[in-house]
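Notes for the structure review
Okay, here's what each chain looks like letter by letter:
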Amino acid sequence: MGGKGISVLHPSKPIVAYTAGCMIIVYDLLSDAKIQLVNHQHEVKALAFSPVGTGGSPGGGDFLISIDNNRNDSVSKATLCLWQWAKG
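Residues numbered from 1 in each chain as written. Predicted model: local features only at pLDDT ≥ 70, side-chain atom pairs only at ≥ 80, totals over all residues. Heavy atoms only, no water.

**A few points about the nonpolar core**
- If you look at the biggest cluster of nonpolar residues, it comprises 12 residues: Val-8, Ile-15, Ala-17, Ile-24, Val-26, Leu-37, Val-44, Leu-47, Phe-49, Leu-64, Cys-81 and Trp-83.
- When contributions to this core are tallied by element, the ones reaching two or more residues are β2 (15-20), β3 (23-28), β5 (44-49) and β7 (77-84).
- If you tally residues by element for this core, the top one is β5, at 3 residues.
- Among all residues touching Ala-17, those that are not within four sequence positions of it are Ile-6, Ser-7, Val-8, Ile-24, Ile-25, Val-26, Leu-47, Phe-49 and Leu-64. (Core = buried A, V, L, I, M, F, W, Y, C linked by side-chain atoms within 4.5 Å. Buried < 20%, exposed > 50% of the residue type's maximum accessible area, 1.4 Å probe, protein only. Helix = DSSP H or I, 4+ residues; strand = E, 2+ residues; numbered from the N terminus. Contact = heavy atoms within 4.5 Å.)

Shown next as structure tokens:
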């Protein structure tokens, strides 16, 4: 651990998501609400909101996509999580 964090801005709402090791924190800038997403077992290496037009969404950002990579095992493997973010 101890790598640099990643932060991404929602394409159409005042929401930012950022990483803290193996955890993702989604922060709503208007309501000051924070949500912690903790499904990863290793440090998150990539983070993105889905782009405009994905899944028929005109504003984009319906999904938050995150990837971690376990390089400590003898077999390297990655985990991809798809968080549905459409409601809210």
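**Considering a nonpolar patch on the surface**
- There is a patch of nonpolar side chains on the surface, built from Ile-67, Leu-80 and Leu-82 and spanning about 280 Å² of accessible area.
- Here Ile-67 lies in strand β6 (residues 63-70).
- For Ile-67, a relative accessible area of 30% translates into the label partly exposed. (Patch = residues over 30% accessible without salt bridge, like charges linked within 9 Å, V, L, I, M, F, W, Y side chains within 5 Å. Areas by Shrake-Rupley, 256 points an atom, 1.4 Å probe, with all protein chains shown as cover. Salt bridge = Lys/Arg side-chain N within 4 Å of Asp/Glu carboxyl O.)

**With respect to the pairing of strand β4 (residues 34-37)**
- The pairing of β3 with β4 spans 4 bridges and is classified as antiparallel. Paired with Val-26 across the two strands is Ile-35, which belongs to β4.
- Counting the residues that bridge the hairpin from β3 to β4 gives 5 residues, and of these Asp-32 lies at a positive phi of roughly 65 degrees. (Pairing = 2+ DSSP bridges.)

**Observations regarding unusual backbone geometry**
- The backbone phi angle of Asp-32 is positive, close to 65 degrees, even though this residue is not glycine.
- With respect to the helices and strands, the residue Asp-32 is situated in the loop between β3 and β4.

**Some thoughts on the sheet that holds strand β1 (residues 7-9)**
- One open sheet holds the 4 strands; their spatial order is β1-β2-β3-β4, and the pairing between them is antiparallel. A single partner strand is all that each edge strand has here, and the edge strands are β1 and β4. Each neighbouring strand pair of the sheet contributes to a mean axis angle of 20 degrees, computed without reference to strand direction.
- Strand direction decides the pairing type here: β1 and β2, joined by 3 bridges, are antiparallel. Counterpart to Ser-7 in the pairing with β2 is Tyr-18. (Axes fitted to C-alpha atoms, helices over the stretch in contact; angles between N-to-C directions.)

**Here's the deal with the sheet that holds β6**
- Pairing in this open sheet of 3 strands is antiparallel, and the strands run β5-β6-β7 from one edge to the other. Sheet topology places β5 and β7 at the edges, where each strand pairs with a single neighbour. Neighbour-to-neighbour, the strand axes of this sheet turn through a mean angle of 15 degrees, independent of strand direction.

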